[in-house]
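Working through the structure, step by step
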2 protein chains.
Amino acid sequence: MKRAYNFNAGPSALPLAVLERAQKELLNFQQTGMSVMELSHRSKEYDAVHERAEMLLRKLMNIPDTHDVLFLQGGASLQFSMVPMNLLKEGEVGNYVLTDSWSDKAMKEAKKVGATHVAASSKEEQYTYIPTNIELSERPAYLHITSNNTIVGTQWREFPNVSVDLIADMSSDILSRDIDVSRFALIYAGAQKNLGPSGVTVVIIRKDLLAKGDDRLPTMLNYRTYSESRSLYNTPPTFAIYMLSLVLEWVEEQGGVQAIEKKNAEKAAILYRCIDESEGFYKGHAKKESRSHMNVTFTLPNEELTKKFLAEAKEKGLIGLAGHRSVGGCRASIYNAVDIEACEALVQFMDTFRKNIF
Amino acid sequence: MKRAYNFNAGPSALPLAVLERAQKELLNFQQTGMSVMELSHRSKEYDAVHERAEMLLRKLMNIPDTHDVLFLQGGASLQFSMVPMNLLKEGEVGNYVLTDSWSDKAMKEAKKVGATHVAASSKEEQYTYIPTNIELSERPAYLHITSNNTIVGTQWREFPNVSVDLIADMSSDILSRDIDVSRFALIYAGAQKNLGPSGVTVVIIRKDLLAKGDDRLPTMLNYRTYSESRSLYNTPPTFAIYMLSLVLEWVEEQGGVQAIEKKNAEKAAILYRCIDESEGFYKGHAKKESRSHMNVTFTLPNEELTKKFLAEAKEKGLIGLAGHRSVGGCRASIYNAVDIEACEALVQFMDTFRKNIF
């Protein structure tokens, strides 16, 4: 069976080399006579995996010693609550930039904890761009942004310069480009786009913020629990963290984040060029200056053509191109593990499809 | 490489047939051209996996229609908080039976939410037995028990007959024996002992209790969120749920829970017989009437011998026999996937070791 061209929005494509390695050692991890899934999380063999994942992430993202790396569960959705539970104190205001329904959800969870403020929003224009006119509230606890917006296909090309702690949901573009971690107070990301399979969430937190977590918080919802135990307070999702370590090794083999970033820019350029040169047949959803290098969103002239497009694409092994159920249209998610060949195959299909219609 | 005899307390042994199947289809799940890890959680292929896991668990445990089956993350440790956050209301008291440090931790988390009461405890005798003299508080919200205690090696052989909602942490013996689910208001279990790899938590909840969850709870900590979305509110840990579905298929092939229960009783009998016939060389930690069929805990005459025992066992491929760091000694965890052959190999080693010493 030919491998599918996987444009899923997440869970999404994983590097073939990573899957092959996982397959090869699935029954016998490093001559232990057992699967990595069967190792005790207190064993030295698993500990080395756990440590390697952290070490590689630190190295690849150039994470400074001022920041801790934590492995959690529950996805970004649980972080929507953990961020304010740990960092939004009485009398303070959680500031949010609304760039799609994920940031909206993040703010809704914060409202259950304390005061919130919309610092900027592009909601009135269907979130088609990244708003940069940020107006902070009084006594802001932090400014929360979503670095890449999977549903609408926008991405912060430059991060806002603010004097307040900057928090970013980077679920869909972590490790896809070089960023300066020291500018962020906290970064969180579900793994299932650029880091590995679903089931593990990475949190990068500036250490001084750990003191803000109240002891009355549920133990599993206090960042300090993870920091003090190296994310081994209870049984972590060991297989997901193992897969993360393999994906990180793969990124390193690709030449690191800068090489990956360059490739991602090329991939995005291939797709956007096809859209822009389609004489209006394909319309990009996001405004040009806010276009995402991870999720390329576009529409066809009508719903009937969209359906036909998706059905024929699927027949050709181009999978996962339907837009998010909340907006419709089409979306090609081209995370790190999606290679240029897949983008070229998609563009070829898009061109042929358009010419057959006209 | 020979497969290890895996007595890990969790994560623990998985059935070889399950690992082989996962390995075989790791690169190409059901002719999709991708790994099960790469499937969208909204795809029909993943949905069938998700549904099958629920269906099989319902069938194997004979779960009545009055109860929902939910898939969560965060392990039993997060349930320690979610149970009281959802079910312990002002003016009510969470009742706990203390049978080892896990139940102790469960009660500590409940204390952050509301009032608690120790309904019974064997703490004063190092948790060596299951206390049955239960005294409920006034206005009890529920009675919480830990059905099997991995650290000390005790297990509820008969569940308490109480007029209040019964909640059980069954992390270490779910699916190991036939139980009457209708007697429980809520059952929760981390998967990493009898159900699959770490990273997914099963919750079985009586549906009327879902109404108790307050809308002000964080969305991800409200059981209703999972019930209303079939545990697909956000991206679930898809690979862990896939592995769960394979383990459940394996249990069915073994003849279901009753056949598994019979085998588990045999396995436990083999080990306890070896301990009881060792003329005091091996001492069982738990009192006989409370002995666990899942975790067989025992000590040797002194620490030096214990170290020697563990080192020689490891050389012979008998892995994971050290007792929990909080109590020391030895522990053989013999969950569903540990076969009789492994228990016989252990007993043979134990007998030889003893005879070589005397």
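This one's a predicted model, so the numbers in the text were calculated from it and none came from an experiment. Every chain is numbered on its own, with residues counted from 1 as its sequence reads. Lettering for chains starts from A, numbering for ligands starts from 1, and both go in the order in which the items are written. Per-residue local features of the predicted model are confined to residues with pLDDT of at least 70, and side-chain atom pairs are confined, for both listing and counting, to 80 or more; whole-chain, interface and lining totals are unaffected and use all residues. Note: side-chain values were computed over all heavy atoms of the structure, leaving out hydrogens and water.

Some thoughts on the overall build of chain A
- Helices and strands together make up the secondary structure of chain A, namely 9 helices and 14 strands.
- Using C-alpha atoms as the atom set, the radius of gyration is obtained and then compared with a globule rule of 2.2 Å times the number of residues to the power 0.38. On C-alpha atoms alone, chain A measures out to a radius of gyration of 21 Å, which is about the 21 Å that the 2.2 N^0.38 rule sets for 358 residues.
- Over its C-alpha atoms, taken along the principal directions, chain A stretches across nearly 65 × 60 × 30 Å.
- Looking at chain A residue by residue over its 358 residues, the buried ones come to 63%.
- Sequence separation of at least 24 residues holds for 65% of the intrachain contacts in chain A that already meet a minimum separation of 6.
- Only the protein chains shown count as cover for residues, and all accessible areas are computed by the Shrake-Rupley method using a 1.4 Å probe. When the accessible surface of chain A is totalled, it reaches about 13700 Å², and 48% of it is carbon and sulfur.
- Residues scored as positive are Lys and Arg, those scored as negative are Asp and Glu, and His as well as the terminal groups of each chain are ignored. Charge positions are represented by NZ for Lys, CZ for Arg, CG for Asp and CD for Glu. Averaging the locations of the 42 positively and 45 negatively charged side chains of chain A gives two centres separated by 3 Å. Labels follow the DSSP assignment, with helices taken as runs of H or I lasting at least four residues and strands as runs of E lasting at least two, numbered in each case from the N terminus. Working definition: with a 1.4 Å probe on protein chains only, accessible area under 20% of the residue-type maximum means buried, over 50% means exposed, and in between means partly exposed. For this analysis, residues touch if any pair of their heavy atoms sits within 4.5 Å.

Examining the sheet that holds strand β11 (residues 283-284) of chain B
Residues and elements named next belong to chain B.
- Taken together, the 3 strands give an open sheet; going across it, the order is β11-β12-β14, and neighbouring strands pair in antiparallel fashion. Where the open sheet ends on each side, the last strands, each with one partner, are β11 and β14 (330-333).
- A pair of strands counts as paired when DSSP detects no fewer than two bridges linking them. In this structure, strand β12 (residues 295-299) lies alongside β14, joined through 4 bridges in antiparallel fashion. What sits directly across from threonine 297, in β14, is arginine 331.

Brief notes about the relation of the copies chain A and chain B
- Copy-to-copy superposition: least squares on the C-alpha atoms, limited to residues that have pLDDT of at least 70 in both copies. When chain A is fitted to chain B, the best match, at an RMSD of 0.0 Å, comes from turning it 180 degrees and sliding it 0.0 Å along the axis. Between the two chains, the operation in question is that of a two-fold axis. Taking C-alpha positions as the reference, the residue of chain A nearest the rotation axis is A:Gln23, at 2.7 Å.
- The residues that chain A uses at the interface reappear at the interface of chain B in 100% of cases, marking a shared surface.

So, the environment of B:Ile167
Residue and element names in this part refer to chain B.
- By the element assignment, isoleucine 167 lies in strand β8 (residues 166-169).
- Separated by 55 residues in sequence, isoleucine 167 and lysine 112 place their C-alpha atoms 18 Å apart.
- The contact partners of isoleucine 167, leaving out residues within four places of it in the chain, are Val83, Leu87, Tyr142, Leu143, His144, Ile145, Leu186 and Tyr188.

Focus: the sheet that holds strand β9 (residues 186-190) of chain B
Residue and element names in this part refer to chain B.
- Taken together, 7 strands build an open sheet; the order of strands is β2-β10-β9-β8-β5-β3-β4 and the sheet is mixed. The open sheet terminates on both sides in strands that have one partner only, identified here as β2 (67-72) and β4 (115-121). If you compare each strand with its neighbour and ignore which way they point, the axes differ by 20 degrees on average.
- Here 4 bridges tie strand β5 (residues 140-146) to β8, and the two strands are oriented parallel to one another. In the sheet register, leucine 143 faces β8, and the bridge partner there is leucine 166.
- Helix α3 (residues 75-87) rests against β2, β3 (93-98), β5, β8, β9 and β10 (201-206) of the sheet, and its axis sits at about 155 degrees to β9. To get an axis, a line is fitted to the C-alpha atoms, and for a helix only the part in contact is used. The angle between two axes follows their N-to-C directions and goes from 0 to 180 degrees.

Details of the nonpolar core
- Side-chain atoms within 4.5 Å link the members of a nonpolar core, which is a set of buried Ala, Val, Leu, Ile, Met, Phe, Trp, Tyr and Cys residues. With 120 residues, the main nonpolar core has A:Met243 and B:Met243 as its most contacted residues.
- Excluding anything up to four places from it in sequence, A:Met243 contacts A:Leu14, A:Val18, A:Leu19, A:Ala22, A:Leu195, A:Pro197 and B:Met37.

Observations concerning the domain arrangement of chain A
Residue and element names in this part refer to chain A.
- Domain start and stop points were drawn from an automatic or database domain assignment. Per the domain assignment, the segments making up chain A are domain 1 (16-253) and domain 2 (256-357).
- Put simply, the middle of domain 1 and the middle of domain 2, counted by C-alpha atoms, are 27 Å apart.
- Each partner contributes residues to the interface: domain 1 has 26 residues there, and domain 2 has 26 residues.
- Buried area is calculated as the accessible area (1.4 Å probe) missing from two parts once they are joined, with the contributions of both summed. A buried area of about 2200 Å², summed over both sides, lies between domain 1 and domain 2, and 53% of it is on carbon and sulfur atoms.
- For domain 1, the biggest contributors to the area lost against domain 2 are Thr128, Ile151 and Arg157; these three give 23% of the whole.
- What makes a salt bridge here is a side-chain nitrogen of Lys or Arg within 4 Å of a carboxyl oxygen of Asp or Glu, nothing more. At the junction of domain 1 and domain 2, the tally comes to 1 salt bridge.
- Throughout this description, a polar contact denotes any pair of N or O atoms lying within 3.5 Å of each other; where both atoms belong to protein, one of them has to be capable of donating a hydrogen while the other can accept it, and for residues adjacent in sequence the pair is counted only when both atoms sit in side chains. At the junction of domain 1 with domain 2, the criterion picks out 16 residue pairs in polar contact (both at pLDDT 80 or more).

Quick notes on the packing of helix α6 (residues 238-253) of chain A against helix α7 (residues 256-276) of chain A
Residue and element names in this part refer to chain A.
- The contact between α6 and α7 brings their axes to 7 Å, and the two run at 80 degrees. Relative to α7, α6 is oriented roughly perpendicular. Residues Trp250, Val251 and Glu252 of α6 touch α7, and the partners they reach there are Gly256, Val257, Ile260 and Lys263.
- Note that Gly is not counted as nonpolar here; it falls among the polar residues with everything else outside the nonpolar set of Ala, Val, Leu, Ile, Met, Phe, Trp, Tyr, Cys and Pro and the charged set of Asp, Glu, Lys and Arg. For the contact of α6 with α7, the residue count by class is 4 nonpolar, 1 polar and 2 charged. Throughout this description, any angle smaller than 35 degrees is read as roughly parallel, any larger than 145 degrees as roughly antiparallel, any in the 65 to 115 degree range as roughly perpendicular, and the remainder as oblique.

Concerning the pattern of salt bridges
- What the rule picks out here adds up to 48 salt bridges over all chains.
- Between B:Glu125 and B:Lys287 there is a salt bridge, and its shortest N-O distance comes to 2.7 Å. With B:Glu125 in the loop between β4 and β5 and B:Lys287 in the loop between β11 and β12, this pair connects stretches of sequence that are 162 residues apart.
- We classify B:Glu125 as partly exposed; its relative accessible area is 32%.
- The class of B:Lys287 is partly exposed, set by a relative accessible area of 31%.
- B:Asp208 serves as the salt-bridge partner of B:Arg206, at 2.6 Å between the closest nitrogen and oxygen.
- Overlapping salt bridges, with partners in common, bring together A:Arg21, A:Glu25, A:Arg52 and A:Glu249 in one network.

Section: the UniProt feature "binding site: L-glutamate" (unreviewed entry) in chain A
- Within the UniProt annotation, "binding site: L-glutamate" (unreviewed entry) is assigned to A:Arg42.
- Note that A:Arg42 resides in the loop between α1 (16-24) and α2 (44-61).
- Those residues in contact with A:Arg42 that lie beyond four places of it in its chain are A:Leu232, A:Tyr233 and B:Arg325.
- Engagement of the side chain of A:Arg42 in a polar contact is seen with the side chain of A:His41, the distance being 3.4 Å. UniProt positions are given in the numbering used here, feature names are shortened, and annotations may be inferred rather than shown by experiment.

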